[in-house]
Amino acid sequence: MGVIDKVASGKVLVSDGAWGTFLQKKGLAVGACPEAWCLDCPDDVLAIAASYIDAGADMIQTNSFGASRFKLEHFGLAHRAQEINEAAAAISRRAAGPDRHVIASVGPTGKMLLMGDVTAEQLYDAFREQVVALENGGAEAICVETMSAIDEACLAVRAARENTNCEVLCTFTFEKTANNDYRTMMGVSPAEMAPAVIDAGAHIIGANCGNGMERMIDIVKELRSVHGSIPVLVHANAGLPVLKDGENVFPETPADMAARTPALVNAGTNIVGGCCGTTPAHIAAIRAAVDAISG
Amino acid sequence: MSEILEQIATCVERGKINAASPYPPDMKGQEGADELTRKAIDGGTAPTDILEKALVVGMQKIGEKFAANKVFVPDVLMAAKSMNAAMAHLRPFFQSGEVKRKGVFCIGTVQGDLHDIGKNLVSMIVEGGGWEVVDLGVDVSTEKFIEAVEQHPGCAVGLSALLTTTMINMEKTVKALKEKTPGTKVLIGGAPLTQEFCTKIGADCYSADPQGAVEYLNKLAA
């Protein structure tokens, strides 16, 4: 049974937490390529994946957020995109085992179609290369995430739908504006994002990153206002980091995020997980909160 | 203000590059910043007036709207493209010294950080504010920032960071700049930054949006 069927059966599911900030804790140097660790330090990557499974996540992501050829080329690794993505998916598959799901991460390329940096064909080809390799490595779903532009997100969703048999998730990153509404940096609102990515073929939509769980509740309400039935996933940051003694600390504790989980589910969220600053302890607390709702 | 200067300012603000550009849809087929600037120069308008009374005005309007979340990244990018089309006609006058800018602003994304969208937005708005901008790119080391200040004595410096992990590198660069080139004004910006962080690391200005950076720089030049 895939993620979509489980949601359709009425279950609220739990996803995983942060990867990037977790890799840094394990010693990833600032400015180094996180995805290269899939090849160079696979045991550390596996340990992260396994820690979220142990925390009770129903699904985990992969260390492939920046593994498009456009991002990898900053590190001279564009030619290894296929290898890195396959390894990323294989590591998470190994941790997930047969019963949990691997929803493979695909982040933005950093290129803007609007500026003529790249053509739509070039972006589509890069996403196709990435998603095909992720499926070959063992991913059963593709999670297109942290998107802000509709055109780029839709190309990634289409590349996944047209070239793999994976279920496709798509989440955007919204910020609260001075006018008290939610927009991506490209100006896209949740109500505009939903129909566009659903039309491109996304099975599951949602939001990730951002400023804490409280605001995700408003964002989900807006998504629900335009679509009643599509499964909705939230990967929330543990708030915005504050600098304490030269180190960044994310303010929301596991208990804070668990306390807000019922409201997030009531607003219409089907899958709850974390983004930057969340840890296995956050996911374990969210798991307990979800189990308490489901009874 | 003459009519053509107002038209150019509007083209910059709305992101109308040239007659061939389909954007914005309601100005389709009309002349853009490119053609109108050429016309203005050929008609005898002073290039300094084109910079100060058209380009700066248009970019200031879009910068203010961006700061108020009334427009978003794509709108600023289109405005900058249209400003660049006009700037191309002014370049000979910069080179001859006929048109003077307010000063030099060297900007880069700090070491370990490859994100350039925020840095580019600030570059565009500051250039549109009448400054000469030297873009040092991404992943810029402290040494490269110092080198840039030595090449452009008296310039102001902008440091950008998107990541919570790289913003911490700013402190080192700010300290080194203040030590090697005392008096250099350092501006910092980026999503995870705050005024508190700016004060703590000894930088001179933090702004949440590009417009705040221009306003600070303009005060320095005044």
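Everything numeric in this text was worked out from a predicted model, so none of it was measured.

Residue and element names in this part refer to chain B. In terms of burial, strand E3 (residues 156-160) is a largely internal element, 5 of the 5 residues being buried. The alternating pattern of E3 places Ala-156, Gly-158 and Ser-160 and Val-157 and Leu-159 on opposite faces, both of which are buried. Note that strand E1 (residues 104-109) and E3 share 5 bridges and pair parallel. Across the sheet, residue Phe-105 finds its bridge partner in E3, namely Ala-156. Pairing analysis gives 4 bridges linking E3 to strand E4 (residues 186-189), with the strands arranged parallel. Looking at the pairing, Ser-160 lines up with Gly-189 of E4.

Residue and element names in this part refer to chain B. Per the domain assignment, the segments making up chain B are domain 1 (3-96) and domain 2 (104-221). In this structure, domain 1 and domain 2 have C-alpha centres spaced 26 Å apart. With 14 residues of domain 1 at the interface, the matching set in domain 2 holds 11 residues. Mapped onto the side of domain 1 that touches domain 2, the elements with two or more residues apiece are helix H3 (47-67) and helix H4 (73-96). Tallying contributions element by element places H3 first for the side of domain 1 that touches domain 2, with 10 residues.

The subject of this paragraph is the interface of chain B and chain A. The interface of chain B with chain A comprises 17 residues on the first partner and 17 residues on the second. In terms of residues, the side of chain B that touches chain A owes the most to one element, H4 of chain B, which gives 3 residues.

Quick look at helix H11 (residues 254-266) of chain A now. Residues and elements named next belong to chain A. Helix length check: H11, at 13 residues, gives a terminal C-alpha distance of 19 Å against a target of 18 Å (1.5 Å per residue), a fit within 8%. By the largest-angle criterion, Arg-260 marks the main kink of H11, which is about 35 degrees, and a proline, Pro-262, follows within four residues. Looking only at H11, the buried set comprises Pro-254, Met-257, Ala-258, Arg-260, Thr-261, Leu-264 and Val-265. Structurally, H11 contributes buried residues whose contacts are with helix H10 (212-226), strand E9 (232-236), strand E12 (271-274) and helix H12 (280-294).

Quick look at the pairing of strand E4 (residues 141-147) of chain A now. Residue and element names in this part refer to chain A. Burial analysis of E4 places 7 of its 7 residues in the buried class, which makes it a mostly covered element. Note: strand E3 (residues 101-106) against E4, 4 bridges, orientation parallel. Within E4, the residue paired with Val-106 across the bridge is Val-144. The handedness of the E3 to E4 crossover, carried by helix H7 (residues 120-137), is right-handed. Pairing analysis gives 5 bridges linking E4 to strand E5 (residues 167-172), with the strands arranged parallel. Residue pairing in the sheet places Ala-141 in a bridge with Glu-167 of E5.

Right, let's get into the environment of Asn-136 of chain A. Residues and elements named next belong to chain A. Locating Asn-136 in the fold gives a position in helix H7. Its 14 C-beta neighbours within 10 Å are what place Asn-136 among the partly exposed residues. Between the C-alpha atom of Asn-136 and that of Thr-164, which follows or precedes it by 28 residues, the distance is 9.2 Å.

This next bit is on the confidence of the model for chain B. Taken residue by residue, chain B gives an average pLDDT of 95. The fraction at 70 or more is 100%. Two numbers describe this predicted complex: its pTM, 0.92, and its ipTM, 0.87.

Okay, the nonpolar core next. Formed by 164 residues in total, the largest nonpolar core has its most connected members in Ile-142, Val-144, Val-157 and Leu-169 of chain A together with Ile-8 and Val-12 of chain B. Top element by residues in this core is helix H6 (residues 81-96) of chain A. It accounts for 9 residues. A domain-level breakdown of this core finds at least three residues from each of domain 1 (3-96) and domain 2 (104-221) of chain B. With residues near it in sequence (within four places) discarded, Val-157 of chain A still touches Val-144, Val-168, Cys-170, Val-197, Ala-200, Gly-201 and Ala-202 of chain A.

Before going further, it helps to spend a moment on the sheet that holds E9 of chain A. Ordered in space as E1-E12-E9-E8-E5-E4-E3-E2 (chain A), the 8 strands form an open sheet in which the pairing is parallel. The open sheet has two free edges, formed respectively by strand E1 (13-14) and strand E2 (59-60) of chain A, since each of these has just one partner strand.

What counts as what
- Residues numbered from 1 in each chain as written.
- Chains lettered and ligands numbered in written order.
- Predicted model: local features only at pLDDT ≥ 70, side-chain atom pairs only at ≥ 80, totals over all residues.
- Buried ≥ 20, exposed ≤ 12 C-beta atoms within 10 Å, placed from the backbone.
- Helix = DSSP H or I, 4+ residues; strand = E, 2+ residues; numbered from the N terminus.
- Pairing = 2+ DSSP bridges.
- Domains from an automatic or database assignment.
- Contact = placed C-beta atoms within 7 Å.
- Expected span 1.5 Å × (residues − 1).
- Bend = angle between axes of the 7 residues up to and from the residue.
- Right-handed = clockwise from strand over helix to strand, strands pointing away.
- pLDDT = per-residue confidence, 0-100.
- Core = buried A, V, L, I, M, F, W, Y, C linked by C-beta atoms within 7 Å.

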